[in-house]
Amino acid sequence: MNAHVLVAFAGKHGSTAEIADKIGQTLREAGLQTDVSPVKRVGDLSAYKAVVLGSAIYIGQWRKEAVRFLKANEMALAGRPLWLFSSGPTGSGDPLELLKGWRFPKALQPVFDRVKPRGIAVFHGMIDVKKAGFFERWVIKKVKAPVGDFRDWNAIASWAAAIAKELK
Ligand SMILES: Cc1cc2nc3c(=O)[nH]c(=O)nc-3n(C[C@H](O)[C@H](O)[C@H](O)COP(=O)(O)O)c2cc1C
């Protein structure tokens, strides 16, 4: 019963969902029963022994539903091994360098301090202009964000494999 891992995520255009799937797949391959779910569909956390929570970054922030999930489940998350990830920067090179030191939204620092994640990762994201709305296209142009799929599946899989190792 009490042996599942939850990978909960929030995104807008599907690329964070695929990162969450990759994490889930890696955990399963390591022998851990794992559910992957959008945060909006997650209810009670009591069946989970550990949680991985991730969000896409939009204008320096996590998705609202991820923030809501984090705050609403603070107690439960603090009582379990927890890992957090953000997906966002496009372009080549180290994601933290692309973000000039940004590691997670500043406003979440107090919550992060309380839930004490065992790891915080930032993964490259993907921008598909075809999926972007008018405002999004304007932002992409304004900040000259590189367009394309920059997700680093090896980095994602090795991060997840390290989580599996800690949980076994
Ligand atoms: C309007 C807009 C704003 C964005 N702002 C950021 C940002 O501040 N930092 C960042 O690293 N990535 C930013 N991104 C890139 C997204 O985080 C990236 O495309 C991510 O993979 C999207 O995930 P999703 O497909 O799950 O929605 C932005 C993308 C768009 C379209």
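The preceding data block contains the structure.
Residues numbered from 1 in each chain as written. Predicted model: local features only at pLDDT ≥ 70, side-chain atom pairs only at ≥ 80, totals over all residues. Heavy atoms only, no water.

**Student:** Lay out the pairing of strand β6 (residues 119-123) with the relevant residues and their values.
**Tutor:** Counting buried residues in β6 gives four out of five residues, a clear majority hidden from the surface. In the sheet, strand β5 (residues 82-87) pairs with β6 via five bridges, with the strands oriented parallel. If you follow F85 over to β6, its bridge partner there is A121. (Buried < 20%, exposed > 50% of the residue type's maximum accessible area, 1.4 Å probe, protein only. Helix = DSSP H or I, 4+ residues; strand = E, 2+ residues; numbered from the N terminus. Pairing = 2+ DSSP bridges.)

**Student:** Please provide a residue-by-residue account of a nonpolar patch on the surface, values included.
**Tutor:** Residues I59, F135 and W138 make up a contiguous nonpolar surface patch of roughly 380 Å² in combined accessible area. Note on placement: F135 falls in helix α6 (residues 134-142). (Patch = residues over 30% accessible without salt bridge, like charges linked within 9 Å, V, L, I, M, F, W, Y side chains within 5 Å. Areas by Shrake-Rupley, 256 points an atom, 1.4 Å probe, with all protein chains shown as cover. Salt bridge = Lys/Arg side-chain N within 4 Å of Asp/Glu carboxyl O.)

**Student:** Please set out the site of the ligand residue by residue, giving values where relevant.
**Tutor:** Every one of the 21 residues lining the ligand counts as a neighbour, but S15, T16, I57, Y58 and M126 are closest to it. A distance of 2.7 Å separates an oxygen atom of the ligand from a polar atom in the side chain of S15. Relative to its unbound accessible surface of 640 Å², the ligand loses 89% to contact with the protein. The site holding the ligand turns out to be the largest pocket. Among the secondary structure elements, those contributing two or more residues to the shell around the ligand are α1 (15-29), β3 (48-58), β7 (126-127) and α6. (Near = heavy atom within 4 Å. Polar contact = N/O pair within 3.5 Å; in protein donor to acceptor, adjacent residues only side chain to side chain. 1 Å grid on protein atoms, 1.4 Å probe; cavity = no way out; pocket = protein on both sides within 12 Å on 5 of 7 lines; lining within 4 Å. Sits in = over half its atoms within 2 Å of the grid points.)

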